[in-house]
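# Examining the three-dimensional arrangement
Here is how the chains run, residue by residue.
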Amino acid sequence: LGMLGGASAQANPPLWPPSVTIFSPDMNMTMVQEQVDLAWMTNGKQGKGSPFGQFSTSHFAFLFKPGSYSVDVPIGYYTQVAGLGVSPDDVLFDGPRGPHVPCDYDPQR
(Lines give C-alpha, C1' and ligand atoms only; values in the text may rest on other atoms or scores of the structure.)
Protein backbone atom coordinates (compact mmCIF):
# COMPACT_ATOMS: atom_id res chain seq x y z
CA LEU A 1 0.00 0.00 0.00
CA GLY A 2 1.23 3.44 -0.79
CA MET A 3 1.19 6.62 1.18
CA LEU A 4 -1.81 8.92 0.85
CA GLY A 5 -1.23 12.54 1.73
CA GLY A 6 1.79 11.68 3.88
CA ALA A 7 -0.15 9.23 6.10
CA SER A 8 1.19 5.73 6.50
CA ALA A 9 -0.98 2.71 5.76
CA GLN A 10 -2.43 0.97 8.81
CA ALA A 11 -3.39 -2.63 9.32
CA ASN A 12 -7.07 -3.47 9.02
CA PRO A 13 -8.12 -4.52 11.58
CA PRO A 14 -5.73 -2.32 13.55
CA LEU A 15 -2.95 -3.75 15.68
CA TRP A 16 -4.34 -2.86 19.11
CA PRO A 17 -2.06 -2.29 22.10
CA PRO A 18 -2.27 -4.79 25.00
CA SER A 19 -4.57 -2.40 26.89
CA VAL A 20 -7.35 -3.03 24.33
CA THR A 21 -9.33 -6.26 24.54
CA ILE A 22 -11.96 -7.27 22.00
CA PHE A 23 -14.55 -9.77 23.20
CA SER A 24 -16.96 -11.85 21.15
CA PRO A 25 -20.04 -13.74 22.35
CA ASP A 26 -18.51 -17.11 21.45
CA MET A 27 -15.71 -16.63 24.01
CA ASN A 28 -15.75 -18.35 27.40
CA MET A 29 -17.68 -15.93 29.66
CA THR A 30 -15.66 -16.99 32.72
CA MET A 31 -12.49 -15.86 30.96
CA VAL A 32 -14.14 -12.60 29.88
CA GLN A 33 -15.23 -11.96 33.48
CA GLU A 34 -11.70 -12.69 34.76
CA GLN A 35 -10.17 -10.11 32.40
CA VAL A 36 -12.72 -7.49 33.36
CA ASP A 37 -12.25 -8.24 37.08
CA LEU A 38 -8.48 -7.87 36.74
CA ALA A 39 -8.95 -4.35 35.38
CA TRP A 40 -11.33 -3.57 38.26
CA MET A 41 -8.80 -4.83 40.81
CA THR A 42 -6.18 -2.57 39.20
CA ASN A 43 -8.14 0.61 38.59
CA GLY A 44 -11.40 0.45 40.44
CA LYS A 45 -11.52 -1.59 43.61
CA GLN A 46 -12.04 0.71 46.51
CA GLY A 47 -9.97 0.30 49.60
CA LYS A 48 -8.95 1.99 52.79
CA GLY A 49 -8.43 5.74 52.46
CA SER A 50 -8.30 6.07 48.68
CA PRO A 51 -9.79 4.42 45.63
CA PHE A 52 -7.36 2.16 43.82
CA GLY A 53 -6.42 3.34 40.36
CA GLN A 54 -7.11 7.02 40.82
CA PHE A 55 -3.52 7.81 39.86
CA SER A 56 -2.83 4.60 37.95
CA THR A 57 -0.81 4.49 34.75
CA SER A 58 -2.80 1.43 33.60
CA HIS A 59 -5.57 1.96 31.05
CA PHE A 60 -8.13 -0.52 29.75
CA ALA A 61 -10.51 -0.55 26.78
CA PHE A 62 -13.00 -3.40 26.47
CA LEU A 63 -14.69 -3.65 23.08
CA PHE A 64 -17.64 -6.04 22.77
CA LYS A 65 -18.66 -7.43 19.38
CA PRO A 66 -22.42 -7.72 18.73
CA GLY A 67 -24.13 -10.43 20.77
CA SER A 68 -25.07 -11.33 24.35
CA TYR A 69 -22.68 -11.44 27.30
CA SER A 70 -23.41 -13.02 30.68
CA VAL A 71 -20.92 -10.86 32.56
CA ASP A 72 -20.86 -7.93 34.94
CA VAL A 73 -18.48 -5.13 33.99
CA PRO A 74 -17.47 -2.89 36.91
CA ILE A 75 -15.89 0.23 35.45
CA GLY A 76 -13.05 1.92 37.30
CA TYR A 77 -10.67 4.76 36.53
CA TYR A 78 -9.20 4.85 33.00
CA THR A 79 -11.47 2.04 31.82
CA GLN A 80 -13.63 2.27 28.70
CA VAL A 81 -16.37 -0.13 27.67
CA ALA A 82 -17.91 0.02 24.19
CA GLY A 83 -20.24 -2.10 22.11
CA LEU A 84 -19.22 -2.52 18.49
CA GLY A 85 -22.69 -2.91 17.01
CA VAL A 86 -24.39 -0.57 14.58
CA SER A 87 -27.28 -0.12 17.03
CA PRO A 88 -27.15 0.07 20.84
CA ASP A 89 -29.34 -3.07 20.86
CA ASP A 90 -26.61 -5.09 19.09
CA VAL A 91 -24.68 -5.72 22.32
CA LEU A 92 -26.62 -7.09 25.29
CA PHE A 93 -25.33 -7.68 28.82
CA ASP A 94 -27.55 -10.16 30.61
CA GLY A 95 -25.50 -10.53 33.81
CA PRO A 96 -27.08 -9.31 37.05
CA ARG A 97 -25.55 -5.81 36.71
CA GLY A 98 -23.90 -5.55 33.26
CA PRO A 99 -21.63 -2.51 32.85
CA HIS A 100 -21.75 -0.38 35.99
CA VAL A 101 -19.74 2.00 38.13
CA PRO A 102 -19.75 0.83 41.76
CA CYS A 103 -20.08 3.93 43.92
CA ASP A 104 -19.34 2.72 47.40
CA TYR A 105 -16.15 4.71 48.05
CA ASP A 106 -15.95 5.85 51.66
CA PRO A 107 -12.79 7.83 52.54
CA GLN A 108 -13.24 6.79 56.21
CA ARG A 109 -12.66 3.08 55.40
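Relevant structure appears above.
Residues numbered from 1 in each chain as written. Predicted model: local features only at pLDDT ≥ 70, side-chain atom pairs only at ≥ 80, totals over all residues. Heavy atoms only, no water.

Counting residues in hydrophobic clusters, the biggest one holds 12 residues: Phe23, Met29, Val32, Val36, Ala39, Phe60, Phe62, Phe64, Tyr69, Val71, Val73 and Val91. Elements that contribute at least two residues to this core include exactly helix H1 (29-43) and strand S2 (60-64). Element by element, the count of residues in this core is highest for H1, at four residues. If sequence neighbours within four positions are ignored, Tyr69 has contacts with Phe23, Ser24, Pro25, Met29, Phe64, Val91, Leu92, Phe93, Asp94 and Gly95. (Core = buried A, V, L, I, M, F, W, Y, C linked by side-chain atoms within 4.5 Å. Buried < 20%, exposed > 50% of the residue type's maximum accessible area, 1.4 Å probe, protein only. Helix = DSSP H or I, 4+ residues; strand = E, 2+ residues; numbered from the N terminus. Contact = heavy atoms within 4.5 Å.)

What follows is about the sheet that holds S2. Read from one edge of the open sheet, three strands run S1-S2-S5, paired in parallel fashion. Because the sheet does not close on itself, it has two edges, and the strands there are strand S1 (20-23) and strand S5 (79-83). For this sheet the average axis-to-axis angle between neighbouring strands, irrespective of direction, equals 15°. Two strands pair when backbone bridges link them, and S1 and S2 are joined in this way by four bridges, in the parallel orientation. Each residue of the ladder has a partner; that of Ile22, found in S2, is Leu63. (Pairing = 2+ DSSP bridges. Axes fitted to C-alpha atoms, helices over the stretch in contact; angles between N-to-C directions.)

This part is about the packing of aromatic side chains. Counting across every chain of the model gives seven aromatic pairs. Measuring from ring centre to ring centre gives 4.9 Å for Phe64 and Phe93, while their planes differ by 80°; the resulting arrangement is edge-to-face. One end of the pair, Phe64, is in strand S2; the other, Phe93, is in strand S6 (residues 91-93), with 29 residues separating them in the sequence. For Phe64, a relative accessible area of 0% gives the class buried. In textbook terms, an aromatic cluster arises when at least three aromatic residues are bridged by ring pairs, as seen for Phe23, Phe60, Phe62, Phe64, Tyr69 and Phe93. (Phe/Tyr/Trp six-rings, centres within 6.5 Å; stacked < 30°, edge-to-face > 60°.)

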